[in-house]
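# Working through the structure, step by step
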Amino acid sequence: QVHLVESGGGLVQAGGSLRLSCAASGSIFRINTLGWYRQAPGKQRELIASIISGGMPNYADSVKGRFTISIDNAKKMLYLQMNSLKPEDTAVYYCNLPRGVPYTWGQGTQVTVSS
């Protein structure tokens, strides 16, 4: 079983920054790929960023240029640096495999961006 725990969310004003972390544990020794998802109120969960160790990151257009995903394979950690936050970034943020069958979803971390 792989456990995913997201942290780092909070309340921030528009234009501010947050750094999210995702810790993977359990049956996984290291991570090669993970992605960040978010689910805004009334919307479907969407993949916004993904990365493969040694590869190029990918971003949804909505966050491109503002968010930066990074991965630490050995530490089994995934990060998301979020800059220039907008109210529309308000969502619960999750990490998981960017494709294929996901691991069990964690609780996510709430990001709220005020106007």
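Residues numbered from 1 in each chain as written. Predicted model: local features only at pLDDT ≥ 70, side-chain atom pairs only at ≥ 80, totals over all residues. Heavy atoms only, no water.

A separate point is the overall build of the protein chain. The secondary structure content of the protein chain amounts to zero helices and 10 strands. Along its sequence from the N terminus, the protein chain presents helices and strands in the succession β-β-β-β-β-β-β-β-β-β. Over its C-alpha trace the protein chain gives a radius of gyration of 13 Å, about what one expects of a compact globule, namely 13 Å for 115 residues. Within the protein chain, the fraction of its 115 residues that count as buried is 44%. Sequence separation of at least 24 residues holds for 54% of the intrachain contacts in the protein chain that already meet a minimum separation of 6. Surface summary for the protein chain: the accessible area is close to 6100 Å², and the carbon and sulfur share equals 51%. (Helix = DSSP H or I, 4+ residues; strand = E, 2+ residues; numbered from the N terminus. Rg over C-alpha atoms; globule rule 2.2 N^0.38 Å. Buried < 20%, exposed > 50% of the residue type's maximum accessible area, 1.4 Å probe, protein only. Contact = heavy atoms within 4.5 Å. Areas by Shrake-Rupley, 256 points an atom, 1.4 Å probe, with all protein chains shown as cover.)

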